[in-house]
Amino acid sequence: SEELVSDRAFELSISFNTLPLEIKGLTISFGDNYPTRFDIEGADGQVIRVGDNNKKIWTTETILRDVTSLRLIFYRMKEPDNRLRIEYIKFGLGLVYTNDDILGSSLDVYVSPISEDVPQTDFSVKLKNENNEFNIDNPNSPINYLETMQEIDTMYGYELPKSKRIEWVQGGRLYCSKWESGENEITIYAQDIFRNMEKEYIKGRMEPYGKTYYALATDIFNDLGIRNYYIDERLRKIISRNAIPRVKHKEALQIIANATRCSLSQARNGQIRLESNFIPKIDVTTLNGED
């Protein structure tokens, strides 16, 4: 906000420029100096009034229906005479499940070092279904938030010896594929990003003057709309004049990996990686001529 919120209320309007949406929950990160009183108004007159917020990351499970725009009005801050800052807005609710909720989980990863096959990751987690929390007939059930291709982050924690501190390691950023709900438990399945690259890549063409494999891979990622990727710098020096054939996007990336002696994989943070699967020859010298 340009002006201090204590001087006057600050309004933020968000237009989605699309058909009416159903937003299942809302998450807003304000930082350390968060607003304590604000309203969120939908285009259909639905209003969420917050009068006693005490969190820098605010969430609501309220489902906003038939939304084409949102109007956020902020009246009071935790610390007066400050401007409002929003770090991010997530249009959806982040659900977190820990040891108290999890009955078991499994993570299986297959990666070919020579890109013989497209990488594959399968994850499943089994949660307690207490008090019919995950029954589909329950209108307030979190199961209503689960959708195909929804991001699922897995974290593994290890309590350090002689310490209560837990060291957390990311297991993977995967995408929900399906779920099964029973009387006492629910199982959620997730998989890698490659399994959803089923559309064909049709922009390959002959390059009479040559084009680097780095640029060819970048074209594929751009066509997918993916920004979180890493391409080995070595691919900037390898030229191709051939067209990428009309195949699925994941197969096009596999072709590039095969042609450049790279491995194709998905990192734990969800990043797609094309990196050399061998160590190139290197020369090592010393300043004083010692071995």
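For the structure, check the block above.
Here's what I pulled together on the structure shown here.

Rules and cut-offs
Residues numbered from 1 in each chain as written. Predicted model: local features only at pLDDT ≥ 70, side-chain atom pairs only at ≥ 80, totals over all residues. Heavy atoms only, no water. Helix = DSSP H or I, 4+ residues; strand = E, 2+ residues; numbered from the N terminus. Rg over C-alpha atoms; globule rule 2.2 N^0.38 Å. Buried < 20%, exposed > 50% of the residue type's maximum accessible area, 1.4 Å probe, protein only. Contact = heavy atoms within 4.5 Å. Areas by Shrake-Rupley, 256 points an atom, 1.4 Å probe, with all protein chains shown as cover. Lys, Arg positive; Asp, Glu negative; His and termini not counted. Charge placed at Lys NZ, Arg CZ, Asp CG, Glu CD. Phe/Tyr/Trp six-rings, centres within 6.5 Å; stacked < 30°, edge-to-face > 60°. Lys NZ or Arg CZ within 6 Å of the ring centre and 35° of its normal.

### A short note on the overall build of the protein chain
A tally of regular secondary structure across the protein chain gives two helices and 19 strands. Here the C-alpha radius of gyration of the protein chain, 25 Å, is well above what a compact globule of 291 residues would show, namely 19 Å. Referenced to the eigenvectors of the C-alpha coordinate spread, the extents of the protein chain come out at roughly 65 × 55 × 50 Å. Expressed as a percentage of its 291 residues, the buried residues of the protein chain come to 34%. A fraction of 67% describes how many contacts in the protein chain between residues 6 or more apart in sequence connect residues 24 or more apart. Accessible area for the protein chain stands at about 18,400 Å²; split by element, carbon and sulfur atoms hold 47% of it. Distance between charge centres in the protein chain, computed from 37 positive and 45 negative side chains, equals 4 Å.

### What to know about unusual backbone geometry
With phi around 60 degrees, D81 is a residue other than glycine that occupies positive phi space. Along the polypeptide, D81 turns up in the loop between β6 (69–77) and β7 (88–90). At R261, a position not held by glycine, the phi torsion is positive, near 55 degrees. In this fold, R261 is placed in the loop between α2 (249–259) and β18 (262–266).

### Re the packing of aromatic side chains
This model, assessed by the stated rule, comprises eight aromatic pairs. Between F10 and F74 the ring centres are 6.5 Å apart and the planes differ by 20 degrees, which places this aromatic pair in the stacked class. Here F10 is found in strand β1 (residues 10–15), whereas its partner F74 is found in strand β6, with 64 residues between them in sequence. A connected cluster of aromatic rings, assembled from ring pairs, spans F10, F30, F38, W58 and F74. Of note, K178 hangs over the ring of Y189, and the distance from its end group to the ring centre comes to 5.0 Å. Its end group placed over the ring of Y214, R236 keeps NZ or CZ at 3.8 Å from the ring centre.

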